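# Structural overview
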Amino acid sequence: MQKSSIWLAGMFLAVPLMAPISLSAQSLLRPGDKDVVVRGAEIYAQQCASCHGKNLEGQPNWRSRLPTGRMPAPPHDESGHTWHHNDRLLFRLTKEGPAAVIGNNYQSDMKGYAETLSDRDIIAVLSYIKSRWPSHVRARHDRINEAQR
Ligand code: HEC
């Protein structure tokens, strides 16, 4: 009996202590971690650069549909809208692919990477992308993550 009330008191204490930890766990990306970013750059070159551009510049005229009716690959630098999406959505777009995330029979030239990349690799490649944004865009993206948790 006494044991369980001590345990309960411990639970109440643990809640305020744990809150900041679970909130910061919402940011998945590690743009400040050099090892993660180096690994992410390799993955980007192998898996993403062919469409999103060696320098994250995207495909030409990326705002206009291709003759197939699909969208070209947008840039991942600050001129695109990648940074408008929070970490979780970026993760899902990469893992599941835009078609699965958007639904409604949406057609996309980008596949989901669930079979090709581990979750860690997906986080690494997105961390690399974020590391390339200027610091004011990274700060805005941090605020988007905070607002959407
Ligand atoms: C075969 C071409 C192709 C490859 C390879 C590719 N993508 Fe894409 N990606 C696209 C296209 C096209 C879109 C636009 C979504 C749409 O409307 O179809 C897109 C959109 C995205 C978006 C959403 C961006 C936004 O602003 O909404 C993310 C995130 C993304 N790609 C990440 C990646 C990552 C990370 C890789 C490598 C692991 C990758 N893509 C590889 C074609 C590609």
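Anything mentioned here points back to the structure above.
Read on for an overview of the structure.

Conventions used here
- Residues numbered from 1 in each chain as written.
- Predicted model: local features only at pLDDT ≥ 70, side-chain atom pairs only at ≥ 80, totals over all residues.
- Core = buried A, V, L, I, M, F, W, Y, C linked by C-beta atoms within 7 Å.
- Buried ≥ 20, exposed ≤ 12 C-beta atoms within 10 Å, placed from the backbone.
- Helix = DSSP H or I, 4+ residues; strand = E, 2+ residues; numbered from the N terminus.
- Contact = placed C-beta atoms within 7 Å.

### Thoughts on the nonpolar core
- Formed by 16 residues in total, the largest nonpolar core has its most connected members in Ile122, Ile123, Ala124, Val125, Leu126, Tyr128 and Ile129.
- Of all elements in the fold, only helix H2 (34-52), helix H3 (87-96) and helix H5 (119-131) reach the threshold of two or more residues within this core.
- Residue contributions to this core peak at 7 residues, all from H5.
- Those residues within four positions of Ile122 in sequence are excluded, and the remaining contacts are Phe91, Thr94, Lys95, Tyr113 and Leu117.

### Section: unusual backbone geometry
- If you check the backbone angles, Leu56 has positive phi at about 70° while not being a glycine.
- Among the secondary structure elements, Leu56 is positioned in the loop between H2 and H3.
- The exposure class assigned to Leu56 is buried, which follows from the 21 C-beta atoms found within 10 Å.
- Unlike most non-glycine residues, Asn105 shows phi in positive territory, near 65°.
- Checked against the element boundaries, Asn105 lands in the loop between helix H4 (98-102) and H5.

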